[in-house]
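Topology and contacts: notes
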Amino acid sequence: MKPLASVWIFMISIALPLSGVSINAQAQQTEHNDHEHEQAQEGETHNEEKHGEHEGHGEEENHGERESDHQAHGEGEEAHNEAGGGAHEEHGGHEGHEEQGASVDPETLRALGGEVKVAGPGKVSQTVSLPGEVRLNKEAVAQVSPRYPAQIVDVSARIGDSVSAGDTLAVGESSQTLQRFPLKSLIRGTVIDRSATLGEQIQPTDAAFVVADLSTLWVDIALYPRQIGRVETGQPVRLSTAFGPEPVNARIDYLDPMVSEQLRTGLARVYLDNTSGQWRPGMFIEAEVTLAETQAEVVVPHTAVIEYQGREVVFVREGERWHPRPVTLGAKDRDQVVIRSGLASGEQYVAKGGFTLKADLLKSEFESGHNH
């Protein structure tokens, strides 16, 4: 038994060192692999850190560039705003100058021939101008004739004399009875014609004198075809002459129901009061007939509207100055015009003399260097 045990002991003693070598080798191999793995991890960590640093450095550079670009853009905008702002301020200053207004006080304006009014309602008329002529009022004309054939043996009236009804104008002697008789005026008026002369033989059909009452006259107005249906009795009419009395306002008193066959025109008539004696038969006149009238909230005379900087304006009182207010015009007649916008009722405006204020504004612009 002892020899066999000795053999086993020998074999075990040999196997143990060999297994220790194998174990150590495996342990060393395992340790070596672990070391390489740690190095690999450290390498990856180092690469990631380097990559992160590189990326961070890139982002910082890009961010710096973006900030630089943004700063440059901001400076550009600031410069642009400064330049534009300066131009805007300059333009604004010019507009402010335009809105400055004229500083002429109302008393000075009136002394220069101007007129100040308060805007208010009114009416404008649609009118038509037609030709006409002053004529005798045939209803106030009387002819003086003998009742039978006679010879004029005395004449006491001349053309132009003013006579009364019953005044003797001449004396006639009957050719048959040789009796004398007076030729008397039938109406009060003016002798406008005389055919009787001393020693002349006249007949009952002869007008020895013509006496007319010139305190009333007729104005016959010619109506063209397009106006025949528009002119009516009672319509206002303004009568004027190029040379003669001042214009007068009247109304249409009569419309002829007939149309002239030769001229194809109608006739409207005005009974003209001539107590002043300024109107004379035979005068040619212009008749401005009012066909319709328009009522409006704000109406101003034509003299209030002037041209300023290419616009139609009315000078309106704002505070202590007169400002050229652009206005929109409406219907108008010979004297007035409707203001549709730009001037409100109750505002004070220059009705006459606006050119004085315009000159004041232009002078101010020239002195301040804003004239264009």
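Above this text sits the structure in question.
Residues numbered from 1 in each chain as written. Predicted model: local features only at pLDDT ≥ 70, side-chain atom pairs only at ≥ 80, totals over all residues. Heavy atoms only, no water.

On to the environment of K352. Within the element layout of this structure, K352 appears in strand β23 (residues 348–352). Exposure remark for K352: the relative accessible area of 45% places this residue in the partly exposed category. Taking the C-alpha atoms as reference points, K352 and G114, separated by 238 residues in sequence, lie 4.9 Å from one another. (Helix = DSSP H or I, 4+ residues; strand = E, 2+ residues; numbered from the N terminus. Buried < 20%, exposed > 50% of the residue type's maximum accessible area, 1.4 Å probe, protein only.)

With that settled, the discussion passes to the sheet that holds strand β3 (residues 141–144). One open sheet accounts for four strands, arranged β3-β10-β8-β5; its pairing is antiparallel. The open sheet has two edge strands, β3 and β5 (162–163), and neither has a second partner. One ladder, built from four bridges, connects β3 with strand β10 (residues 209–212); its direction is antiparallel. Within β10, the position partnered with A142 by the bridge is V211. (Pairing = 2+ DSSP bridges.)

In this model, the largest pocket occupies a volume close to 340 Å³. As for the largest pocket, its lining consists of 15 residues, and the residues nearest its centre are S125, R238, N249, T290 and R334. Looking at the lining of the largest pocket residue by residue, the class counts come to three nonpolar, five polar and seven charged. Empty space within the second largest pocket amounts to approximately 220 Å³. Lining of the second largest pocket is provided by 14 residues; of these, A222, S260, T265, G266 and L267 occupy positions nearest its centre. Those elements that place two or more of their residues in the lining of the second largest pocket are β2 (122–136), β11 (216–223) and β15 (266–273). Across the lining of the second largest pocket, the residue classes break down as seven nonpolar, four polar and three charged. (1 Å grid on protein atoms, 1.4 Å probe; cavity = no way out; pocket = protein on both sides within 12 Å on 5 of 7 lines; lining within 4 Å. Points joined across faces, edges and corners; volume = space filled by probe spheres on them. Nonpolar A, V, L, I, M, F, W, Y, C, P; charged D, E, K, R; others polar.)

A few words on the environment of Q336. Its location among the elements puts Q336 in strand β22 (residues 336–341). Linking Q336 and T303, residues 33 residues apart in sequence, is a C-alpha distance of 8.6 Å. Residue contacts for Q336: discarding those within four places in its chain leaves K123, V124, V299, V300, P301 and H302. Here the side chain of Q336 touches K123 through a polar contact of 3.1 Å, landing on its backbone oxygen. (Contact = heavy atoms within 4.5 Å. Polar contact = N/O pair within 3.5 Å; in protein donor to acceptor, adjacent residues only side chain to side chain.)

The alternating pattern of β10 places F209 and V211 on one face and V210 and A212 on the opposite face, and all of these are buried. Summarising the sheet, strand β8 (residues 189–194) and β10 pair through four bridges and their orientation is antiparallel. Bridge pairing in β10 links V191 to V211.

Turning next to the pattern of salt bridges. Here the structure, examined in full by the defined rule, presents 12 salt bridges. When the shortest N-O distance is used, the salt bridge between D220 and R269 registers 2.6 Å. Of this pair, D220 sits in strand β11 while R269 is found in strand β15, placing the two residues 49 residues apart along the sequence. This pair shows no difference in class: D220 is buried, exactly as R269 is. Residue E347 is joined to R325 by a salt bridge in which the shortest nitrogen-to-oxygen separation is 3.1 Å. On the criterion of sequence distance, the pair formed by E347 in the loop between β22 and β23 and R325 in strand β20 (residues 321–326) is long-range, its members being 22 residues apart. Taken together, the salt bridges that share partners define one network made up of E133, R135, D220 and R269. (Salt bridge = Lys/Arg side-chain N within 4 Å of Asp/Glu carboxyl O.)

The values are spatial; any link to function lies outside them.
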